[in-house]
Amino acid sequence: RRRAPPRRAAEAAEAGAEDKPAAEPKSLDCNQVMEILPHRYPFLLVDKVKEYVPGEYAIGVKNVTINDNFFPGHFPDRPIMPGVLQVEAMAQVGGIVMLDADPDAKGTFFFGIVMQ
């Protein structure tokens, strides 16, 4: 069974992590994912979370089939999930980690780009 990536020694000392036992990973089904994320079909790109420690990390799953609507037009004769959708799926898993860690953040969490 996988464990959370180890923290660097300096981070662990600052957070007092060596005194606390590691949180046991849990999993989330699609209904639990939808309770956390505001996204819905066809923009929800996380079907389940296999392993998850709130506020630390998650391993998400997106099931794809040849029938998905992005395959026919993206590199015809070579079906591949577009990279921008892969990045969005990863961002949604990151959103689960951040939103579920702080219940008060519901509806106020926003990823953005700052350009100068």
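This text gives an overview of the structure that appears in the document. (Residues numbered from 1 in each chain as written. Predicted model: local features only at pLDDT ≥ 70, side-chain atom pairs only at ≥ 80, totals over all residues. Heavy atoms only, no water.)

1. Brief notes about the overall build of the chain
The following threshold applies: In DSSP terms, a helix is any run of H or I states spanning at least four residues, a strand is any run of E spanning at least two, and both are numbered starting from the N terminus. Burial classes follow relative accessibility: with a 1.4 Å probe on protein chains only, a residue under 20% of its type's maximum area counts as buried, one over 50% as exposed, and anything between as partly exposed. The accessible surface values rely on the Shrake-Rupley method and a 1.4 Å probe; as for residues, cover is taken only from the protein chains in view.
Within the chain one finds 3 helices and 3 strands. Of the regular secondary structure in the chain, the N- to C-terminal order runs α-β-α-β-β-α. Here the chain, with 116 residues, has 24% of them falling under the buried criterion. Of the roughly 8800 Å² of accessible surface on the chain, a fraction of 56% belongs to carbon and sulfur atoms.

2. Considering the environment of Ala 23
Tracing the chain through its elements places Ala 23 in the loop between helix 1 (9–15) and strand 1 (26–28). Exposure remark for Ala 23: the relative accessible area of 41% places this residue in the partly exposed category. Once the C-alpha coordinates of Ala 23 and Tyr 52 are considered, the two residues, 29 residues apart in sequence, prove to be 9.5 Å apart.

3. Examining the environment of Ser 27
Note the following rule: When checking whether two residues touch, look at their non-hydrogen atoms; a contact exists if any pair is within 4.5 Å.
With respect to the secondary-structure elements, Ser 27 resides in strand 1. According to the relative accessible area criterion, Ser 27 is partly exposed, its value standing at 46%. Measuring from C-alpha to C-alpha, the distance between Ser 27 and Tyr 52 comes to 5.8 Å, with 25 residues separating the pair along the chain. Ignoring anything within four residues of it in the chain, the contact list for Ser 27 reads Gln 32, Val 49 and Lys 50.

4. Section: the nonpolar core
Let me state the cut-off plainly: To qualify as a nonpolar core, a set must consist of buried Ala, Val, Leu, Ile, Met, Phe, Trp, Tyr and Cys residues joined through side-chain atoms within 4.5 Å.
Counting residues in hydrophobic clusters, the biggest one holds 12 residues: Leu 28, Val 33, Ile 36, Leu 37, Leu 44, Val 46, Val 49, Tyr 52, Val 93, Ile 96, Val 97 and Leu 99. Broken down by secondary-structure element, the contributors of at least two residues to this core are helix 2 (30–36), strand 2 (48–53) and helix 3 (83–101). Sort the elements by how many residues they give to this core and helix 3 lands first, with 4 residues. Setting aside residues no more than four positions away along its own chain, Val 97 makes contact with Tyr 52, Gly 55, Glu 56, Tyr 57 and Ala 58.

5. A closer look at the sheet that holds strand 1
To keep it simple, the criterion reads: When DSSP finds two or more bridges between a pair of strands, those strands are recorded as paired. Angles here are taken between N-to-C directions and fall from 0 to 180 degrees, while the axes themselves are lines fitted to C-alpha atoms, restricted in helices to the stretch in contact.
Spatial ordering of the open sheet is given by 1-2-3, a layout of 3 strands whose pairing is antiparallel. Because the sheet does not close on itself, it has two edges, and the strands there are strand 1 and strand 3 (57–61). In this sheet, neighbouring strand axes are inclined to one another by 20° on average, regardless of whether the strands run parallel or antiparallel. By the bridge criterion, 5 bridges tie strand 2 to strand 3 in an arrangement that is antiparallel. When the sheet's bridge partners are listed, Tyr 52 is paired in strand 3 with Ala 58.

6. With respect to unusual backbone geometry
In this structure, the amide linkage connecting Tyr 41 to the following residue, Pro 42, adopts the cis form with an omega of 5°. The topology assignment puts Pro 42 in the loop between helix 2 and strand 2.

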